[in-house]
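So the chains spell out like this:
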Amino acid sequence: MRESYFEELEDIRGCLVEMANTVGSQMSTATTALLDADVALADLVIAGDEQIDATRESIDQRCFTLLARQQPVATDLRTIVVATRIASDLERMGDLAEHIAKVARMRFPDHAVPQEVRPAFLEAGHVAEMLVAKAGTVIAKRDVEAARELETDDDAMDRIHRGLFRELLSDSWPYGVETAIDVTLLGRYYERFADHAVSVARRVVYLVTGERHVASSS
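Residues numbered from 1 in each chain as written. Predicted model: local features only at pLDDT ≥ 70, side-chain atom pairs only at ≥ 80, totals over all residues. Heavy atoms only, no water.

A. Broad picture of the overall build of the chain. Secondary structure summary: the chain contains seven helices and zero strands in total. Shown N-terminal to C-terminal, the secondary structure of the chain runs as helices and strands in the order α-α-α-α-α-α-α. The C-alpha radius of gyration of the chain comes to 19 Å, within 12% of the 17 Å expected for a compact globule of 218 residues. Projecting the C-alpha coordinates of the chain onto the three principal axes gives extents of approximately 65 × 40 × 20 Å. (Helix = DSSP H or I, 4+ residues; strand = E, 2+ residues; numbered from the N terminus. Rg over C-alpha atoms; globule rule 2.2 N^0.38 Å.)

B. Highlighting the packing of helix α4 (residues 118-141) against helix α7 (residues 176-209). Orientation of α4 relative to α7, taken along the N-to-C sense of each, is 15°, at an axis distance of 9 Å. When the axis of α4 is compared with that of α7, the two are roughly parallel. α4 and α7 meet at a crossing whose hand is left-handed. For the pair α4 and α7, the contacting residues are F121, A124, G125, A128, L131, V132, A135, V138 and I139 in the first and V183, L186, G187, Y190, F193, A194, A197, V200, A201 and V204 in the second. Of the residues contributing to the contact of α4 with α7, the split by class is 17 nonpolar, two polar and no charged. (Axes fitted to C-alpha atoms, helices over the stretch in contact; angles between N-to-C directions. Parallel < 35°, antiparallel > 145°, perpendicular 65-115°, else oblique. Left-handed = near helix turned anticlockwise from the far one by under 90°. Contact = heavy atoms within 4.5 Å. Nonpolar A, V, L, I, M, F, W, Y, C, P; charged D, E, K, R; others polar.)

C. Spatial organisation of the UniProt feature "domain: PhoU" (unreviewed entry) in the chain. The feature "domain: PhoU" (unreviewed entry), as given by UniProt, occupies residues 16-103 and 123-204 in the numbering adopted here. Helix makes up 94% of residues 16-103 and strand 0%, whereas the separation of the span's terminal C-alpha atoms amounts to 27 Å. Secondary structure content for residues 123-204 is 89% helix and 0% strand, and the end C-alpha separation is 26 Å. (UniProt positions renumbered as here; feature names shortened; annotations may be inferred.)

D. Quick peek at the packing of aromatic side chains. Taken as a whole and assessed by the stated rule, the structure comprises three aromatic pairs. Note on Y5 and F6: the rings are 5.2 Å apart at their centroids and 50° apart in plane angle, and the pair reads as tilted. In this structure F6 comes out as partly exposed when scored by relative accessible area, which is 37%. Between the aromatic rings of W173 and Y175, the centroid separation amounts to 5.1 Å while the plane-to-plane angle is 70°, which identifies the pairing as edge-to-face. Under the relative-accessibility criterion, W173 is labelled buried at 16%. Seen from the ring of Y206, R78 lies directly overhead, with NZ or CZ sitting 5.4 Å from the centre. (Phe/Tyr/Trp six-rings, centres within 6.5 Å; stacked < 30°, edge-to-face > 60°. Buried < 20%, exposed > 50% of the residue type's maximum accessible area, 1.4 Å probe, protein only. Lys NZ or Arg CZ within 6 Å of the ring centre and 35° of its normal.)

E. Molecular detail of a nonpolar patch on the surface. Together, V177, I181 and L185 line one region of the surface with nonpolar side chains, adding up to about 270 Å² of accessible area. Looking at the element boundaries, L185 is found in helix α7. (Patch = residues over 30% accessible without salt bridge, like charges linked within 9 Å, V, L, I, M, F, W, Y side chains within 5 Å. Areas by Shrake-Rupley, 256 points an atom, 1.4 Å probe, with all protein chains shown as cover. Salt bridge = Lys/Arg side-chain N within 4 Å of Asp/Glu carboxyl O.)

F. The arrangement of empty space enclosed by the protein in detail. Counted according to the given criterion, the structure contains one cavity of 30 Å³ or more. In this model, the largest cavity occupies a volume close to 130 Å³. Together, 14 residues line the largest cavity, and R13, L16, T79, A83 and R142 are the ones closest to its centre. Sorting the residues of the lining of the largest cavity by element identifies α1 (2-36), α3 (74-107) and α7 as the ones contributing at least two each. (1 Å grid on protein atoms, 1.4 Å probe; cavity = no way out; pocket = protein on both sides within 12 Å on 5 of 7 lines; lining within 4 Å. Points joined across faces, edges and corners; volume = space filled by probe spheres on them.)

G. Examining helix α6 (residues 155-169) more closely. Relative to the 21 Å expected for 15 residues at 1.5 Å per residue, α6 spans 21 Å between its end C-alpha atoms, a close match to the ideal helical length. Listed as buried for α6 are M157, I160, H161, L164 and L168. Within α6, the buried residues cover an arc of 100° as seen down the axis, which keeps them to one side. In α6, those exposed residues whose orientation departs by more than 90 degrees from the buried face are R166 and L169. (Expected span 1.5 Å × (residues − 1). Arc of directions from axis to C-beta.)

Here is the structure:
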């Protein structure tokens, strides 16, 4: 009985890693859809979000079943509770990728992102993919050091976000209010995506060490 319990916990962890990989793929595709005004790719991301939602629901149900049947305490309880919260973070990251795809679809056949800020969004996409890939590794290996690094890695996204605001507030912004709103929302989606990756890292640190705050390594 105990062996099957631990096997179930390991399988749930594997599902979380797979979920992180799926979210990373969704963000990559959403960024391409945004920059290329590719409505087919945008539709793929939008349709794919249902699978992420279903995975989260499945993980939650499995965790609740373990709680009811095993009545775990201490580290085992922490493992199950953290798994549900990581699944929630990853689902939200999938939602944010979907939001980006929806902006691309809404502005099709035009580009939602003006040429001047395309490099910023290209970089934001790369940073987002790096963060979620690292989050997947943190989940798989319970790597506390890598989890602590994610806090610092997120600084790159914050820098991009600040740069976008400087562009929007510039007197020379020529693209009007509608495009400014799109760029503002898109920048926020990428920033929140990164924040959730950091949240995943913090949850793993808490799981392994009992610490509730990630102290960034330096």
